[in-house]
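# Working through the structure, step by step
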Amino acid sequence: MDITPETRHAIEAIIMVADSPVEPSLLAQLLEIPKAVVEATCDQLAAEYETEGRGFILARVAGGYRYQTHPETAPYVERFV
């Protein structure tokens, strides 16, 4: 499966600005790529973020993808909010 840097960047950017979870079928339509490539890219991104120990995760929620804070950061986020 060919996952290009451009695909990765576009998916990250779209999900970052979305105010609700973005469905993989919508991402596929916007990027003109198969839904399977979107899902594989999102799985890859989520695994990388976890491996790198980021303060956020890429979660599959309500049939779509969204960024959210890593559960381990909850005490800090709660103090901020």
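The following refers to the structure shown.

## So, the overall build of the protein chain
On a plain count of helices and strands, the protein chain comes out with four helices and two strands. Burial analysis of the protein chain (81 residues in total) assigns 27% to the buried set. Total accessible area computed for the protein chain in this model is approximately 5400 Å², and 54% of it derives from carbon and sulfur atoms. Each charge class in the protein chain was averaged separately, 6 positive and 13 negative side chains, and the resulting centres sit 5 Å apart.

## Comments concerning the nonpolar core
Grouped together as the largest cluster of nonpolar side chains are 14 residues, with contacts concentrated most on Ile11, Ile15, Leu27, Val38, Cys42, Leu58 and Tyr65. Counting residues per element, the ones that place at least two in this core are helix 1 (5-17), helix 2 (24-31), helix 3 (35-52) and strand 2 (64-69). Counting residues per element, this core draws most heavily on helix 3, which supplies five residues. Setting aside its immediate chain neighbours within four residues, Tyr65 contacts Ile15, Pro21, Val22, Pro24, Leu27, Glu39, Cys42, Asp43, Leu58, Ala59 and Arg60.

## Re the packing of aromatic side chains
Inspection of every chain in the model, using the stated rule, returns three aromatic pairs. Here the aromatic rings of Phe56 and Tyr67 are separated by 5.7 Å at their centres, their planes lie at 80°, and the arrangement is edge-to-face. In this pair, Phe56 is assigned in strand 1 (residues 56-61) and Tyr67 in strand 2, connecting sequence segments 11 residues apart. Aromatic ring contacts, followed pair by pair, group Tyr49, Phe56 and Tyr67 into a single cluster.

## Observations concerning the side chain of Thr41
Relative to the helices and strands, Thr41 is located in helix 3. Polar side-chain contacts of Thr41 include one of 2.7 Å to the backbone oxygen of Val37.

About the criteria used
- Residues numbered from 1 in each chain as written.
- Predicted model: local features only at pLDDT ≥ 70, side-chain atom pairs only at ≥ 80, totals over all residues.
- Heavy atoms only, no water.
- Helix = DSSP H or I, 4+ residues; strand = E, 2+ residues; numbered from the N terminus.
- Buried < 20%, exposed > 50% of the residue type's maximum accessible area, 1.4 Å probe, protein only.
- Areas by Shrake-Rupley, 256 points an atom, 1.4 Å probe, with all protein chains shown as cover.
- Lys, Arg positive; Asp, Glu negative; His and termini not counted.
- Charge placed at Lys NZ, Arg CZ, Asp CG, Glu CD.
- Core = buried A, V, L, I, M, F, W, Y, C linked by side-chain atoms within 4.5 Å.
- Contact = heavy atoms within 4.5 Å.
- Phe/Tyr/Trp six-rings, centres within 6.5 Å; stacked < 30°, edge-to-face > 60°.
- Polar contact = N/O pair within 3.5 Å; in protein donor to acceptor, adjacent residues only side chain to side chain.

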